[in-house]
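For reference, the chains in residue letters:
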Amino acid sequence: MHADGAGLGKVEVRLKWDPSPYGEPARHLDIIAATYPAADPYGRPEYVVYHENRAPDGTINMTRHSENGLGLGYVEVLQLEFERMVSAYGRVVVGVAIHQDGGPRTFGDLTHCGVLVVEGYRRLLADDFAGVADATAATIAEFTRDGTGAWHFGELIRGFDSSPTGFMAEMGSVRR
């Protein structure tokens, strides 16, 4: 939260992973963000942002995308601008899905995989997916708007056994 109590401003979600060993199909991961209406924060998402699209109002978009990891640090970046998001939205869930081209893969099959969530120079979350090693997709963060309109971060590491498309439909569901 900012010193003035305004909540979150501009946040980045950064993803890294090593490329496939020689001769294997490319390892392709995607950061996905689902935005939920304030009136129904656990219902269907109003819109979903991933590598091929952005938020209709431009407040959530991919600034960097990789289809193979490269092994050169954080190669995929999603930017969320909460200070510009309209009040109709009350919740955003962010996750990561592994494409299943070339056979089933889990986070445990990947090397040097990790996610970093930052606001400016402040680290909100760093995780290596070890807690969801058997999953093919995982939520990592939940951002919620309070009664004053301020946005807040919550860690939400939860594994799923889904394709990227299936994950987009279920990632914001209440499941404990």
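First, a word on what this report is: a plain description of the structure on this page. (Residues numbered from 1 in each chain as written. Predicted model: local features only at pLDDT ≥ 70, side-chain atom pairs only at ≥ 80, totals over all residues. Heavy atoms only, no water.)

**Some thoughts on the overall build of the protein**
The test is simple: Numbering of helices and strands runs from the N terminus; a helix is a DSSP stretch of H or I covering at least four residues, while a strand is a stretch of E covering at least two. The size measure is the radius of gyration over C-alpha atoms, and the globule rule it meets is 2.2 Å times the number of residues to the 0.38 power. Each residue's exposure class comes from its accessible area (1.4 Å probe, protein chains only) as a fraction of the maximum for that residue type: buried when under 20%, exposed when over 50%, partly exposed otherwise. Contact criterion: two residues are considered in contact whenever any of their non-hydrogen atoms come within 4.5 Å of each other. Calculation of accessible area relied on Shrake-Rupley with a 1.4 Å probe; when residues are assessed, cover is drawn exclusively from the protein chains displayed. Residues counted as positive are Lys and Arg, residues counted as negative are Asp and Glu, and His and the chain ends are not counted. Charged side chains are reduced to one point each, which is NZ for Lys, CZ for Arg, CG for Asp and CD for Glu.
Looking only at helices and strands, the protein has one helix and ten strands in total. Along the chain direction, N to C, the helices and strands of the protein fall in the order β-β-β-β-β-β-β-β-β-β-α. On C-alpha atoms alone, the protein measures out to a radius of gyration of 16 Å, which is about the 16 Å that the 2.2 N^0.38 rule sets for 176 residues. The principal-axis extents of the C-alpha atoms in the protein amount to approximately 55 × 30 × 30 Å. In the protein, buried positions account for 49% of the 176 residues. Restricting to contacts in the protein with at least 6 residues of sequence separation, those with at least 24 account for 65%. On the protein, roughly 8300 Å² of surface is accessible, and the fraction owed to carbon and sulfur atoms is 49%. Both charge centroids of the protein, one from 16 positive and one from 24 negative side chains, sit 3 Å from each other.

**Side note on the pattern of salt bridges**
Condition: We count a salt bridge whenever a side-chain nitrogen from Lys or Arg sits within 4 Å of a carboxyl oxygen from Asp or Glu.
Going through the model one piece at a time under the given rule, you end up with five salt bridges. The salt bridge partner of arginine 84 is glutamate 81, with a shortest N-O separation of 3.2 Å.

**Some details on the pairing of strand E8 (residues 122–127)**
To keep it simple, the criterion reads: Paired strands are those between which DSSP finds at least two bridges.
In the sheet, strand E7 (residues 114–119) pairs with E8 via five bridges, with the strands oriented antiparallel. Bridging from a neighbouring strand, valine 117 pairs with leucine 125 of E8. With antiparallel pairing between neighbouring strands as the criterion, E7 and E8 make up a hairpin whose turn holds two residues, including glycine 120 at a positive phi of roughly 60 degrees.

**A closer look at the packing of aromatic side chains**
Spelled out, the test is: Here the aromatic set is Phe, Tyr and Trp, taking the six-membered ring for Trp, and pairing holds for ring centres within 6.5 Å; pairs whose planes are under 30 degrees apart are stacked, those over 60 apart are edge-to-face, and all others are tilted.
A full pass over the atoms with the stated rule returns six aromatic pairs. When the ring of phenylalanine 82 is compared with that of phenylalanine 143, the centres are 4.8 Å apart and the planes differ by 40 degrees; the resulting orientation is tilted. Within this pair, whereas phenylalanine 82 is found in the loop between strand E5 (76–81) and strand E6 (89–98), its partner phenylalanine 143 is found in strand E9 (residues 137–145), the two being separated by 61 residues in sequence. With relative accessibility at 2%, the residue phenylalanine 82 sits in the buried group. Note on phenylalanine 143: relative accessible area 0%, which makes it buried. Both rings, one in phenylalanine 107 and one in phenylalanine 129, keep their centres 4.3 Å apart while their planes meet at 5 degrees; by these two values the pair is stacked. You can see phenylalanine 107 sitting in the loop between E6 and E7 and its partner phenylalanine 129 sitting in the loop between E8 and E9, a full 22 residues away along the chain. Judged by its relative accessible area of 1%, phenylalanine 129 falls in the buried class.

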